[in-house]
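For reference, the chains in residue letters:
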Amino acid sequence: MHIVLLILQMKGLQMEAEDPTRAKELRMMAENLRTVPEHPAQTFWQALQSLWLCNLVVQIESNGTGVSIGRIDQWLYPYYRRDIDNKVITQDQAQELLD
C-alpha cells in the first residue's frame with residue numbers, strides 16, 4: 001500500500017515539475033516502484049532505489065539506531081556493470097544517482 005502511495009506522489013510531483021529533466025526522473029522513479037522492492041531489480045537504478053527503500057524501513061523499524069546496510073558497492077556492482085555494458089546508463093548518470 002505504501003508503494004502505491006509513493007507512486008501516486010511521484011506522479012503528482014511529475015505533473016507539477018517545471019523542469020523536464022526532473023519530470024523525467026520522477027517518472028522513472030514511479031516506474032521503478034512498480035517493480036521494486038516487490039520484484040527483483042532489473043537495472044542499477046531499480047537496485048539502488050530498492051536498497052534505499054529497504055534501508056529506510058530498517059531504520060524506521062530500529063528507531064534509527066545506526067543499522068548499517070553494509071557494502072553497497074558489492075550489492076550494486078552487478079547491476080552497474082550490466083547497465084554500463086549494455087549502455088543503459090553512463091558513469092555520470094550512475095554517479096548522479098549515488099550523489
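Below or above, wherever it landed, is the structure these notes cover. (Residues numbered from 1 in each chain as written. Predicted model: local features only at pLDDT ≥ 70, side-chain atom pairs only at ≥ 80, totals over all residues. Heavy atoms only, no water.)

With respect to the overall build of the protein chain
Part 1 of the argument: Within the protein chain one finds five helices and zero strands.
Part 2 of the argument: Start at the N end of the protein chain and walk to the C end: the helices and strands fall as α-α-α-α-α.
Part 3 of the argument: In terms of overall dimensions, the protein chain has a C-alpha envelope of 40 × 35 × 25 Å along the principal axes.
Part 4 of the argument: Here the protein chain, with 99 residues, has 26% of them falling under the buried criterion.
Part 5 of the argument: Taking as baseline every contact in the protein chain between residues at least 6 positions apart, the subset at least 24 positions apart corresponds to 39%.
Part 6 of the argument: Working note: accessible area of the protein chain is about 7200 Å², and carbon and sulfur atoms make up 57% of it.
Part 7 of the argument: Charge separation in the protein chain, taken as the distance between the mean sites of 9 positive and 13 negative side-chain charges, equals 7 Å. (Helix = DSSP H or I, 4+ residues; strand = E, 2+ residues; numbered from the N terminus. Buried < 20%, exposed > 50% of the residue type's maximum accessible area, 1.4 Å probe, protein only. Contact = heavy atoms within 4.5 Å. Areas by Shrake-Rupley, 256 points an atom, 1.4 Å probe, with all protein chains shown as cover. Lys, Arg positive; Asp, Glu negative; His and termini not counted. Charge placed at Lys NZ, Arg CZ, Asp CG, Glu CD.)

Overview of the nonpolar core
Part 1 of the argument: Membership of the largest hydrophobic core is limited to 11 residues, which are V36, A41, F44, A47, L48, L51, L76, Y80, I84, I89 and A94.
Part 2 of the argument: When contributions to this core are tallied by element, the ones reaching two or more residues are α3 (44-61) and α4 (72-85).
Part 3 of the argument: Broken down by element, the residue count for this core peaks at four residues, all from α3.
Part 4 of the argument: Excluding residues that lie within four positions of it along the chain, Y80 makes contacts with F44, Q91 and A94. (Core = buried A, V, L, I, M, F, W, Y, C linked by side-chain atoms within 4.5 Å.)

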